[in-house]
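Listed here are the chains, written in short residue letters.
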Amino acid sequence: MYAIEIKELTKKFKDFTAVDGLSLEINDGELFALLGVNGAGKTTTIKMLSCLLKPDSGDALLLGKSIVSEPAKVKQIINVSPQETAVARNLTVRENLELVAAVYGSDKKAAVTHAQNMIEAFDLTQCASKKAKTLSGGTQRRLSIAMALISEPKILFLDEPTLGLDVIARRELWSAVRKLKGKVTVILTTHYMEEAEELSDRIGIMSKGKLRAVGTAEELTRSQNAKNFEEAFVNIATQGGDAV
Amino acid sequence: MKRMLAFSSRNVKEMLRDPLTVAFGIGFPVAVLLLLTAIQSNVPVDLFNLEKLTPGIAVFGLSFVSLFSATLISKDRSTSFLMRLFASPLSSVDFILGYTLPMLPIAIAQSVVCFGVAMILGLTPTLNIIKVLIVLLPADILFIAIGLLVGSIFNDKQVGGLCGALLTNLTAWLSGTWFDLELVGGAFKTASYALPFARAVDASRLALSGGQGVFTHLVWVIGYAAVVMVLAVLAFRKKMNGENR
């Protein structure tokens, strides 16, 4: 069984088709990167898969559970780190983590333990008692991802996790994401070629709502006879034509 | 229930850790009470007797509760924090109760502080004050519902204008707190009594004085509270289903 099985997923906003008949399978424990230029349909896809947006047609099964008919069950096994940093600003790092643990059903004692584990795993010990609003952008993002992982999701959606971060903060976050490989199925959307190449097992390239190509960075580069992955991406993202 | 309580606990912390909330929520109504009492001691005006003034200020203070709750919700909506929670197992009922329930003790505490200060200034302590706090409960719910409704529809800047300026002024002008509505009369008085603010003030004044007819006014406040709460729940659920479109 695939961890994620997407079948002809489509979403329209009035006359604009944001996602157009997307079909894709993602393996258990795989880190899959969705690449595309702005408006390609990446975030809309993530929002449908995380039950934030209802598809107009099609469906997706997450560990066998339908996003259309079983959203409550899907929400129990997923977590999301949204594009913008999503933290409660006046709560401390520890309180933010305990809040999310409790929202996903942990009792007080378990929430405290899970929060401490995340604080250690994401190197947040120094700032555990600081309010989220006082943290740097990079630390807020690390907290945001720790909040997404505290519920021990089977499937994790990371929407542009390093957007706007400096190179050091980005590298630190990559290191945290790399540790998830094989343990959690991750769909990561990004604008950065280097990030997709560095982190993902496979890459899907979207343009104008359609999935244009799927493969490893190497496979995609070879398929386009390109000098590097960036050139392959530009070829695929701009060529249009049929979806895979 | 456990999930909702965790969410509501966060909302309490988020509000009470904002110094402006405490300053305006508690400080401003108390400052107005002190100011008008000082005026009353120099130029006696019947309307500014503590027995009449305190219920009016208590209702006026509730407009800040709307502002806090609307600001919290609209700020949550403007960041991705609410998106994160919408993707969690929290239900729409958890959200609505999580936003509204913590506001109730804050609203009651605000009224208690208001009457506490009034007693220091000379209001006779009677059991009727407890009765007023009970009579104010539908008004508490009404103002919380207004906050939920406005916060679900508008952004945080618009909320500042609507609740911070419009609602506080409506509550002030149309409640009969600052001037006697009988003296203005006509359409102004009719409009004031068609809205819940003057009704809430009159019900509280009657409860404080031990007078009859509290429920005649209270039924208007209960009606408005029920209607606005239903509208607020519908607006929030609509946002929850289509927030990210």
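In the block above lies the structure referred to throughout.
Peer 1: Please explain the overall build of chain B as it appears in this structure.
Peer 2: Looking only at helices and strands, chain B features 13 helices and zero strands. Of the regular secondary structure in chain B, the N- to C-terminal order runs α-α-α-α-α-α-α-α-α-α-α-α-α. Here the C-alpha atoms of chain B give a radius of gyration of 18 Å, agreeing with the 18 Å that 2.2 N^0.38 yields for 245 residues. For chain B, the spread of C-alpha atoms along the principal axes amounts to about 60 × 35 × 30 Å. For chain B, the share of sequence-separated contacts (at least 6 apart) that also reach a separation of at least 24 residues comes to 78%. Looking at chain B as shown, the accessible area adds up to about 10,200 Å², and 72% of this sits on carbon and sulfur atoms. Across chain B, the centroid of the 18 positively charged side chains sits 11 Å from that of the 12 negatively charged ones.

Peer 1: When you look at the environment of A:Leu53 in this model, what are you seeing that I'm missing?
Peer 2: All names here are of chain A. Inspection of the secondary structure assignment puts Leu53 in the loop between α1 (42–49) and β4 (57–62). Here Leu53 falls in the buried class, since its relative accessible area comes to 2%. Remark: the alpha-carbon pair of Leu53 and Ile67, spanning 14 residues in sequence, is separated by 9.6 Å.

Peer 1: Would you explain the sheet that holds strand β5 (residues 65–66) of chain A in this entry?
Peer 2: In a beta sheet, neighbouring strands pair by backbone hydrogen bonds and run either parallel or antiparallel. Residue and element names in this part refer to chain A. Read from one edge of the open sheet, four strands run β2-β1-β4-β5, paired in antiparallel fashion. At either margin of the open sheet sits one strand with a lone partner, and together these are β2 (16–26) and β5. Pairing geometry for strand β1 (residues 4–13) and β4, over five bridges, is antiparallel. Paired with Thr10 across the bridge in β4 is Ser57.

Peer 1: How do you make sense of the nonpolar core when you look at a structure like this?
Peer 2: A general tendency of soluble globular proteins is for nonpolar side chains to be buried together. Counting 160 residues, the largest nonpolar core has A:Leu62, A:Leu97 and B:Phe95 as the members making the most contacts within it. The leading source of residues in this core is helix α3 (residues 50–78) of chain B, at 14 residues. Among residues more than four places away in sequence, those in contact with A:Leu97 are A:Ala115, A:Met118, A:Ile119, A:Leu143, A:Ala146, A:Met147 and A:Ile150.

Peer 1: Just checking my understanding: could you explain the sheet that holds strand β8 (residues 185–190) of chain A for this structure?
Peer 2: All names here are of chain A. Within the open sheet, the six strands sit side by side as β6-β7-β8-β3-β9-β10. Their pairing is mixed. Each edge of the open sheet carries a strand with a single partner, namely β6 (78–81) and β10 (210–215). Neighbour to neighbour, the strand axes of the sheet diverge by 20 degrees on average, direction disregarded. Pairing between β6 and strand β7 (residues 155–159): four bridges, direction parallel. In the sheet register, Ile78 faces β7, and the bridge partner there is Ile155.

Peer 1: Would you mind going over the packing of helix α3 (residues 93–103) of chain A against helix α4 (residues 108–121) of chain A with me for this structure?
Peer 2: Between two packed helices, what matters for the description is the angle formed by their axes and the separation of those axes. All names here are of chain A. Put simply, α3 and α4 touch, their axes get as near as 8 Å, and they point 130 degrees apart. With respect to each other, α3 and α4 are oriented oblique. Our pair here, α3 against α4, has a crossing hand that is right-handed. Residue-level inspection shows Val93, Arg94, Leu97, Glu98, Ala101 and Ala102 of α3 in contact with α4, the latter providing Lys108, Ala111, Val112, Ala115, Gln116, Met118 and Ile119.

Peer 1: What is the right way to look at the pattern of salt bridges in this model?
Peer 2: Under the counting rule described, the total for this entry stands at 15 salt bridges over all chains. Notably, a salt bridge pairs A:Lys108 with A:Glu98, separated by 3.7 Å at the nearest N-O pair. One end of the pair, A:Lys108, is in helix α4; the other, A:Glu98, is in helix α3, with ten residues separating them in the sequence. A salt bridge links B:Lys189 to B:Glu182; the nearest nitrogen and oxygen atoms lie 3.2 Å apart. Salt bridges linked by common partners bring A:Glu95, B:Lys13 and B:Arg17 together as one network.

Peer 1: Before we go on, may I ask you to explain the interface of chain A and chain B in this structure?
Peer 2: It is common to give the size of an interface as the accessible area lost on bringing the parts into contact. On the side of chain B, 22 residues touch chain A, which itself brings 36 residues to the contact. Buried surface at the junction of chain A and chain B, both sides included, amounts to about 2,600 Å², of which 58% is carbon and sulfur. On the chain A side of the contact with chain B, A:Leu52, A:Asn90 and A:Val103 bury the most area, a combined 24% of that side's loss. Across the contact surface, chain A and chain B share two salt bridges. Close ionic contact of B:Arg17 with A:Glu95 constitutes a salt bridge, the shortest N to O distance being 2.6 Å.

Peer 1: Would you take a moment to explain unusual backbone geometry for this structure?
Peer 2: What you tend to see is this: most non-glycine residues have negative phi, and most peptide bonds are trans. Residue and element names in this part refer to chain A. Residues other than glycine seldom take positive phi values, yet Glu152 does so here, at roughly 50 degrees. One can find Glu152 in the loop between α5 (137–149) and β7. Positive phi, close to 50 degrees, is recorded for Lys208, a residue that is not glycine. Note that Lys208 resides in the loop between β9 (202–207) and β10.

Peer 1: Explanation requested: the pairing of β8(A) in the structure shown.
Peer 2: All names here are of chain A. Burial of β8 is extensive: six of the six residues sit out of reach of the surface. Residue alternation in β8 divides its side chains into two sets, Thr185, Ile187 and Thr189 and Val186, Leu188 and Thr190, and both sets are buried. Pairing analysis gives five bridges linking strand β3 (residues 31–35) to β8, with the strands arranged parallel. Residue pairing across strands places Phe32 opposite Ile187, the latter belonging to β8. Relative to β8, β7 runs parallel, the two being bridged by five bridges. From the neighbouring strand, Ile155 faces β8, where its bridge partner is Thr185. Read from β7 through helix α6 (residues 167–178) to β8, the crossover connection turns out right-handed.

Parameters and conventions
Residues numbered from 1 in each chain as written. Chains lettered and ligands numbered in written order. Predicted model: local features only at pLDDT ≥ 70, side-chain atom pairs only at ≥ 80, totals over all residues. Heavy atoms only, no water. Helix = DSSP H or I, 4+ residues; strand = E, 2+ residues; numbered from the N terminus. Rg over C-alpha atoms; globule rule 2.2 N^0.38 Å. Contact = heavy atoms within 4.5 Å. Areas by Shrake-Rupley, 256 points an atom, 1.4 Å probe, with all protein chains shown as cover. Lys, Arg positive; Asp, Glu negative; His and termini not counted. Charge placed at Lys NZ, Arg CZ, Asp CG, Glu CD. Buried < 20%, exposed > 50% of the residue type's maximum accessible area, 1.4 Å probe, protein only. Pairing = 2+ DSSP bridges. Core = buried A, V, L, I, M, F, W, Y, C linked by side-chain atoms within 4.5 Å. Axes fitted to C-alpha atoms, helices over the stretch in contact; angles between N-to-C directions. Parallel < 35°, antiparallel > 145°, perpendicular 65-115°, else oblique. Left-handed = near helix turned anticlockwise from the far one by under 90°. Salt bridge = Lys/Arg side-chain N within 4 Å of Asp/Glu carboxyl O. Buried area = accessible area lost by both parts, 1.4 Å probe. Right-handed = clockwise from strand over helix to strand, strands pointing away.

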